[in-house]
Amino acid sequence: MQGKLYRGRFAPSPTGPLHAGSLVTALASWLDARVQDGVWLVRLEDVDGPRCVPGASEQILHQLASCGLVSDEPVVQQSQRTALYQKALNRLIQRQLAFLCGCSRKDIEGALAARGEHTERHHNAIYPGTCRPERGGLKGKPARAWRLAVPEASNITWTDLQMGPQQQNVAQAVGDFVLKRADGLWAYQLAVVVDDAEQGITRVVRGQDLMDNTPRQIVLQTALEMPRPSYRHVPLVLGEDGEKLSKQNGAQALDLSHPTEALSLAAKHLGLPPALGSIAERLQTWVNAWSCATIATLNAERDLS
Ligand code: GLU
């Protein structure tokens, strides 16, 4: 990181307004960028159109602004960037790293059962490679999705700045994952990797629920010869049911009439000290506190590079 301009981002999906949990991530990514005199960007991840709620993007930007968090560059929207995703897919196809798959979920489960395998991960069967070109491709089935041919040698290791050393063998744990879905929508993994590279993101700060995606994203970065940012996965705010705070377990939209309180709660969750004064003054207090907390991290990162 030394000598390289820090570029970070907050990338909400406009499936609803910000709630207490998403504000924690927004604040953490903003503080992390400010501490390093970096650039902080907001990217609206509206690539999954059917899940997006009309007006949510505007509402999110308004909520962020009332908390003093404003993108340093024009906000980008994934729905406007499909040409970039297609270009990346074309590169993968040219390099024979992407292939068409005609399997439904049922086909995949059937193929696994026939092999006496029950490989499952987060309730998803691990793709058994049925339509890989070396196994004969679609064999007459209609094409549904594009998948990445995950190389056998895909044992990914990285050091998360919050969570420490991590490891995952993507071929074994996930298999050939989807790049473009059967419904024609771009998969999160492809869109996020292309956008992070295209926007020159050097540090990804996001919630711990997304940490499991990181090895897949590193595999894709390698396949597309794109740089790998550093990662910091911050603790989630949990609902009363112990699950990540979400609309499903009753997360309330942030109350814009009290942005300082909402921000103070988010800061407390990040282990930051209480702060007083205007929003700008409080943010400055937390930048200083974050700065102390990240010195150790910066040193560690320097040692790694
Ligand atoms: N759009 C994702 C979400 O709202 C975040 C993606 C990311 O930070 O990589 O959960």
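The model shown is predicted, which means the values in this text are computed figures rather than measured ones.

A. Just the site of the ligand, in detail. Around the ligand, the neighbouring residues are Arg9, Ala11, Pro12, Ser13, Glu45, Tyr188, Val192, Arg206 and Leu210. The separation between a nitrogen atom of the ligand and a polar side-chain atom of glutamate 45 is 2.6 Å. At 2.8 Å, a side-chain N or O of arginine 206 approaches an oxygen atom of the ligand. Of the residues contributing to the shell around the ligand, the split by class is five nonpolar, one polar and three charged.

B. How the structure looks around the environment of arginine 181. Following the sequence through the fold, arginine 181 ends up in the loop between strand 10 (178-180) and helix 6 (188-198). Taking the C-alpha atoms as reference points, arginine 181 and arginine 147, separated by 34 residues in sequence, lie 8.6 Å from one another. Of the polar contacts made by the side chain of arginine 181, one reaches the side chain of aspartate 48; its length is 3.4 Å.

C. Expanded view of the packing of helix 6 against helix 7 (residues 214-223). Interaxial distance between helix 6 and helix 7 falls to 10 Å at its minimum, and their mutual angle equals 60 degrees. When the axis of helix 6 is compared with that of helix 7, the two are oblique. Note that helix 6 runs across helix 7; the crossing there is right-handed. Contacts between helix 6 and helix 7 pair Tyr188, Gln189, Leu190, Val192 and Val193 from the former with Arg216, Gln217, Leu220 and Gln221 from the latter. Among the residues making up the contact of helix 6 with helix 7, the classes are represented as five nonpolar, three polar and one charged.

D. Geometry of helix 3 (residues 82-94). Between its first and last C-alpha, helix 3 extends 18 Å over 13 residues, near the 18 Å set by a 1.5 Å rise per residue. Elements that come into contact with the buried residues of helix 3 comprise strand 4 (98-101), strand 7 (145-148), strand 10, helix 6 and helix 7. Backbone geometry just after helix 3 places glutamine 96 at a positive phi near 60 degrees.

E. Summary view of the pairing of strand 2 (residues 39-44). Of all six residues that make up strand 2, six are buried, and the element is covered over most of its length. Taking every second residue as pointing to the same face, both faces of strand 2 are buried, with Val39, Leu41 and Arg43 on one and Trp40, Val42 and Leu44 on the other. Sheet topology places strand 1 (residues 7-10) next to strand 2; four bridges connect them, and they run parallel. In the strand pairing of strand 2, arginine 7 is matched with valine 39.

F. Spatial organisation of the sheet that holds strand 1. Sheet architecture is open: five strands sit in the order 3-2-1-11-12, paired in parallel fashion. Unpaired on one side and paired on the other, strand 3 (76-77) and strand 12 (230-234) mark the two borders of the sheet. Relative to strand 12, strand 11 (residues 203-207) runs parallel, the two being bridged by five bridges. Along strand 12, the bridge assignment pairs glycine 207 with valine 234. Those strands touched by helix 1 (residues 20-35) are strand 1, strand 2, strand 11 and strand 12, and its axis lies near 160 degrees from that of strand 11.

G. Molecular detail of the packing of helix 3 against helix 6. As a packed pair, helix 3 and helix 6 sit with axes 10 Å apart at the nearest point and diverge in direction by 105 degrees. By the angle class used here, helix 3 and helix 6 are roughly perpendicular. For the pair helix 3 and helix 6, the contacting residues are Leu84, Tyr85, Ala88 and Leu92 in the first and Leu190, Ala191, Val194, Asp195 and Glu198 in the second. For the contact of helix 3 with helix 6, the per-class residue count stands at seven nonpolar, no polar and two charged.

Thresholds applied
- As a convention, each chain's residues are numbered from 1 in the sequence order in which they are written.
- For this predicted model, a pLDDT threshold of at least 70 governs which residues receive local features, and a threshold of 80 or more governs which side-chain atom pairs are given and counted, while totals over whole chains, interfaces and linings are taken from all residues.
- Processing note: side-chain calculations cover all non-hydrogen atoms of the structure and skip hydrogens and water entirely.
- Here a residue is considered near a molecule or strand provided that any single heavy atom belonging to it is located within 4 Å of it.
- What qualifies as a polar contact is a pair of N or O atoms within 3.5 Å, subject to a donor-acceptor requirement within protein and to the restriction that residues adjacent in sequence count only when both atoms come from side chains.
- Any residue that is not Ala, Val, Leu, Ile, Met, Phe, Trp, Tyr, Cys, Pro, Asp, Glu, Lys or Arg is counted as polar, Gly included; the first ten are nonpolar and the last four charged.
- Helix and strand definitions follow DSSP, with helices as H or I runs of at least four residues and strands as E runs of at least two, each counted in order from the N terminus.
- Here an axis means a line fitted to C-alpha atoms, over the contact stretch when the element is a helix, while the angle between two N-to-C directions is reported on a 0 to 180 degree scale.
- Should an angle lie under 35 degrees it is considered roughly parallel, over 145 roughly antiparallel, and from 65 to 115 roughly perpendicular; all remaining angles are considered oblique.
- Should the near helix be turned anticlockwise from the far one by less than a right angle, the crossing is left-handed, and should it be turned clockwise, the crossing is right-handed.
- Throughout, a residue-residue contact means that at least one pair of heavy atoms, one from each residue, lies within 4.5 Å.
- Residue count minus one, scaled by 1.5 Å, sets the expected span of a helix.
- Here's how the labels work: a residue is buried when its accessible area is under 20% of the maximum for its type, exposed when over 50%, partly exposed in between, all with a 1.4 Å probe on protein chains only.
- By definition, two strands form a pair when at least two bridges between them are found by DSSP.

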